[in-house]
Amino acid sequence: MDKDFEKWLKKDELFEYYNANPEQQAEIYKDYQREKEYIKTENIDGWVKWLCNNPELAEKHYPLLVNGLKKRIQNTEPFQVANIIQELPDHFPKWKTEAEKHFGIKRTKIIQGYIDLIKAVLIEYDYQTEIEQKAAESIRAELTEQLEYWESELKALSPQQNARVHSEQETPKTFEELFYNPAHAEPCLKILNELQTPVIDAINNYIGKAKGIFPLWIKVLKNHKPKPLIKHFKDTVYKDLLNQKVKGLNLSKDASEFRKQYKRIEDNKVELDIKAILSQYSQSGKLGK
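Note that the coordinates shown come from a computational prediction; the quantities given were computed from them, not determined experimentally.

Q: Looking at this structure, how should I read the packing of aromatic side chains?
A: The way to describe two aromatic rings as a pair is by their centre distance and the angle between their planes. Within this structure, the stated rule accounts for 10 aromatic pairs. With a centroid separation of 5.3 Å and 80 degrees between ring planes, the pair formed by Phe92 and Tyr149 is classed as edge-to-face. Taken together, the positions of Phe92 in helix α8 (residues 92-100) and Tyr149 in helix α11 (residues 140-156) put the pair 57 residues apart, joining distant regions of the chain. Consider the rings of Trp95 and Tyr114, whose centres lie 4.7 Å apart with planes at 10 degrees: the pair is stacked. In this pair, Trp95 is assigned in helix α8 and Tyr114 in helix α9 (residues 104-124), connecting sequence segments 19 residues apart. Judged by its relative accessible area of 11%, Tyr114 falls in the buried class. Each member of the aromatic cluster is reached from another via a ring pair, and the members are Phe92, Trp95, Tyr114, Tyr149 and Trp150.

Following this line, the structure appears as structure tokens:
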């Protein structure tokens, strides 16, 4: 049991009731999460800024808020998405001013962030409606020009700084390259075969009906303590290599599975199952060094 959760139960004199009523535990834990994640209105702007800079931590410590935000984004009207897309080129002067305030590694990271965003808009996003598609086409020439500018700025920085920032951002070509230690790839994948309801078989065929388990598995590996097991990449990178590794998986082109909320998976405590098997592997030596 999470130590903070245990303290909360004892503070509100719920500890004995929680242990004696297993059927109520999920709802009690949700109440704890809601109270823990409550943010005063005057602090919302600061929280959003922190979220943008620390997405993995935000997802770990504020899961309800982050999932709610993802749902709202997914349900955004096409005309609103189009407005955001068409306003992007206008941000160039502000971005340029911000980049020029910094030097060295910080400047390199900022410029790389701009490049990643522009590439996502131009190449990676799968626009579902004609309104969104037309908006993207209307600013393609401007964004392409800005992309060329930022790429030339990045090349002008010292090779050492560039190498440090790109060390994890270079797109891996194999599933094993997702891992800090490639030897961890196979045992970590095997976890998905040992779940209470397996989603792959012994030869890596997809046999489940819950593709949402794969993003959850990635999240657990990224947040593993004391050190993450898997590197941080865009969702589409994970999607491509998982589709390559797991026969018949066929995660969607835009990796939308990574942005959905899967209530049934949450209710079935699959994350705890993954963590428990991973812990057993670590303790028994199956994970290796």
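And the narrative resumes.
Q: Looking at this model, I keep getting lost on the environment of Phe92. Mind explaining?
A: As for Phe92 and Tyr114, which are separated by 22 residues in sequence, their C-alpha atoms are 9.4 Å apart. Excluding residues within four positions of it along the chain, Phe92 makes contact with Gln146, Tyr149 and Trp150.

Q: Explanation requested: the packing of α8 against α11 in the structure shown.
A: A pair of packed helices can be characterised by two numbers: the angle between their axes and the separation between those axes. Across the interface, α8 lies against α11 with an axial gap of 12 Å and an inter-helix angle of 5 degrees. By the criterion of interaxial angle, the relationship of α8 to α11 is roughly parallel. Counting all contacts with α8, which are made through Phe92, Trp95, Lys96 and Ala99, the residues of α11 involved are Gln146, Tyr149 and Trp150. Tallied by class, residues from the contact of α8 with α11 come to 5 nonpolar, 1 polar and 1 charged.

Q: Where do I start with the side chain of Lys222 in this structure?
A: Note that Lys222 resides in helix α14 (residues 213-222). In this structure Lys222 touches Glu56, Pro228, Ile230, Lys231, His232 and Tyr238, once residues within four positions along its chain are discounted.

Q: How should the nonpolar core be read in this particular structure?
A: Inside soluble globular proteins, nonpolar side chains tend to come together where they are buried. Residues Leu178, Phe179, Leu192, Leu195, Phe214, Trp217 and Leu242 are the most contacted members of the largest nonpolar core, which totals 39 residues. With 7 residues, α14 is the largest single contributor of residues to this core. Excluding anything up to four places from it in sequence, Leu195 contacts Ile213, Val270, Asp273, Ile274 and Ile277. Ranked by size, the runner-up nonpolar core spans 22 residues in total, among them Phe92, Tyr114, Ile118 and Ile139.

Q: In this structure, what is going on with α11? I would like to understand it.
A: Note on helix geometry: an α-helix contains 3.6 residues per turn, so any two residues three or four positions apart are oriented the same way. Helix length check: α11 (17 residues) gives 24 Å between terminal C-alpha atoms against 24 Å at 1.5 Å per residue, within 8%. Along α11, the positions that sit buried rather than exposed are Leu143, Gln146, Leu147, Trp150 and Leu154. An end-on view of α11 places all buried positions within 110 degrees of arc, on one side of the element. Away from the buried face of α11 by more than 90 degrees, exposed residues Ala141, Glu145, Glu148, Lys155 and Ala156 are located.

Q: What is the right way to look at the pattern of salt bridges in this model?
A: Following the criterion strictly, the structure yields 13 salt bridges and no others. A salt bridge links Lys245 to Glu176; the nearest nitrogen and oxygen atoms lie 3.2 Å apart. Linking Lys245 in helix α15 (residues 235-245) with Glu176 in the loop between α12 (159-166) and α13 (185-190), this pair joins segments that are 69 residues apart in sequence. Overall, Glu176 belongs to the partly exposed group, its relative accessible area being 25%.

Reading guide: rules and limits
Residues numbered from 1 in each chain as written. Predicted model: local features only at pLDDT ≥ 70, side-chain atom pairs only at ≥ 80, totals over all residues. Heavy atoms only, no water. Phe/Tyr/Trp six-rings, centres within 6.5 Å; stacked < 30°, edge-to-face > 60°. Helix = DSSP H or I, 4+ residues; strand = E, 2+ residues; numbered from the N terminus. Buried < 20%, exposed > 50% of the residue type's maximum accessible area, 1.4 Å probe, protein only. Contact = heavy atoms within 4.5 Å. Axes fitted to C-alpha atoms, helices over the stretch in contact; angles between N-to-C directions. Parallel < 35°, antiparallel > 145°, perpendicular 65-115°, else oblique. Nonpolar A, V, L, I, M, F, W, Y, C, P; charged D, E, K, R; others polar. Core = buried A, V, L, I, M, F, W, Y, C linked by side-chain atoms within 4.5 Å. Expected span 1.5 Å × (residues − 1). Arc of directions from axis to C-beta. Salt bridge = Lys/Arg side-chain N within 4 Å of Asp/Glu carboxyl O.

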